[in-house]
Amino acid sequence: MQQEVKKIKPYPIGTIFSGVGAPFKGSILKLVPKGFIVDMLGHIVQVGDLMQVEFDIPVHRVPIQAAAKVMKTYDRTNPEKHSIDRVAEFHFLKLTDSQASAINDFLAAIGQD
């Protein structure tokens, strides 16, 4: 008898920011080796802001704690909620080799190369 494997969605990934106006929570919508796109859950950041970010890579449960910089910000309308979503693009300033490897392994596992 084959055991059924329960699939979980890779996104969103809950994250905690510290730094400017922090601590506050965000929700990573897409992770890439150099950074991530995050729903700021109503918080406002500016291009150039430096933040500390903490999150666990799903399934692997590898903790990531790193400095990141805001590269771009976006406001998008959310017609379902009748609100504006604040989204930002962050780039990691420095990751350890093990953190970078864990992110790459996660991206390969979900087929996001």
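Every chain begins its residue count from 1, and numbering advances along the sequence as written. Restriction of local features to residues with pLDDT of at least 70 applies here, the model being predicted, together with a cutoff of 80 or more for giving and counting side-chain atom pairs; totals for whole chains, interfaces and linings are based on all residues. Computation of side-chain values covers all heavy atoms of the structure but excludes hydrogens and water.

Draft legend 1. Quick look at the overall build of the chain. Secondary structure elements follow DSSP: runs of H or I no shorter than four residues count as helices, runs of E no shorter than two count as strands, and numbering proceeds from the N terminus. Along its length, the chain carries 1 helix and 6 strands. Across the chain, helices and strands are ordered from the amino to the carboxyl terminus as β-β-β-β-β-β-α. When the backbone C-alpha atoms are referred to their principal axes, the chain occupies close to 50 × 40 × 25 Å. Whether two residues are in contact is decided by their heavy atoms, any of which lying within 4.5 Å being enough. Considering only contacts in the chain between residues 6 or more positions apart, those separated by 24 or more positions represent 52%. Each charge class in the chain was averaged separately, 13 positive and 12 negative side chains, and the resulting centres sit 2 Å apart. The positive count covers Lys and Arg only, the negative count covers Asp and Glu only, and His and the chain ends enter neither. Taken as the charge location is NZ of Lys, CZ of Arg, CG of Asp or CD of Glu.

Draft legend 2. The pairing of strand 4 (residues 50–57), seen in detail. Only protein chains enter the area calculation, which uses a 1.4 Å probe; residues under 20% of their type maximum are buried, those over 50% are exposed, and those in between are partly exposed. Residues M51, V53, F55 and I57 point to one face of strand 4 and are all buried, whereas L50, Q52, E54 and D56, pointing to the other face, are not buried. DSSP-based pairing: two strands are paired if at least 2 bridges between them are found. Across 8 bridges, the pairing between strand 4 and strand 5 (residues 62–78) is antiparallel. Counterpart to V53 in the pairing with strand 5 is A66.

Draft legend 3. Looking closely at the sheet that holds strand 3 (residues 35–39). Strand order in this closed barrel of 6 strands is 1-2-3-6-5-4, and the pairing throughout is antiparallel. Averaged over all pairs of adjacent strands, the angle between their axes in this sheet comes to 45°, without regard to strand direction. Here strand 5 runs beside strand 6 (residues 83–92); their pairing, made up of 10 bridges, is antiparallel. Pairing of D75 across the sheet is with R86, part of strand 6. Angles run from 0 to 180 degrees between N-to-C directions of axes, and those axes are lines fitted to C-alpha atoms, restricted for helices to the stretch in contact.

Draft legend 4. Spatial organisation of unusual backbone geometry. Omega for the bond connecting Y11 with P12 falls within 30 degrees of zero, at 0°, which places this linkage in the cis form. As for its position among the elements, P12 is in the segment before strand 1 (13–19).

Draft legend 5. Region of the structure containing the packing of aromatic side chains. Between 30 and 60 degrees the pair is tilted, below 30 it is stacked and above 60 it is edge-to-face, where a pair is any two Phe, Tyr or Trp rings, Trp via its six-membered ring, whose centres lie within 6.5 Å. Tallied over the full model, the rule gives 7 aromatic pairs. Here the aromatic rings of F17 and F36 are separated by 6.4 Å at their centres, their planes lie at 40°, and the arrangement is tilted. Residue F17 is located in strand 1, and its partner F36 is located in strand 3; the two are separated by 19 residues in the primary sequence. Taking relative accessible area as the criterion, F17 reaches 0% and is therefore assigned buried. Site record: aromatic cluster; members linked through ring pairs are F17, F24, F36, F55, F90 and F92.

Draft legend 6. Main features of the pairing of strand 5. The hairpin turn running from strand 4 into strand 5, its antiparallel successor, is 4 residues long, and V59 in that turn takes a positive phi close to 65°. Connecting strand 5 to the antiparallel partner strand 6 that follows it, the hairpin turn spans 4 residues, and H82 within it adopts a positive phi of roughly 55°.

Draft legend 7. Here's a closer look at the nonpolar core. Each nonpolar core is a collection of buried residues, namely Ala, Val, Leu, Ile, Met, Phe, Trp, Tyr and Cys, held together in the definition by side-chain atoms within 4.5 Å. In this structure, F17, L31, F36, F55, F90 and F92 are the most contacted members of the largest nonpolar core, which totals 26 residues. Among the secondary structure elements, those contributing two or more residues to this core are strand 1, strand 2 (24–32), strand 3, strand 4, strand 5, strand 6 and helix 1 (97–109). Each residue touching F92, except ones within four places of it in the same chain, is listed here: L31, V32, P33, K34, G35, F36, V53, F55, A66, A67, A68 and I103.

Draft legend 8. Molecular detail of the side chain of Q112. Summarising the element assignment, Q112 is placed in the segment after helix 1. Given a relative accessible area of 19%, Q112 falls into the buried group. The residues touching Q112, leaving out its near neighbours within four places in the chain, are Y11, K30, L31, V32 and L107.

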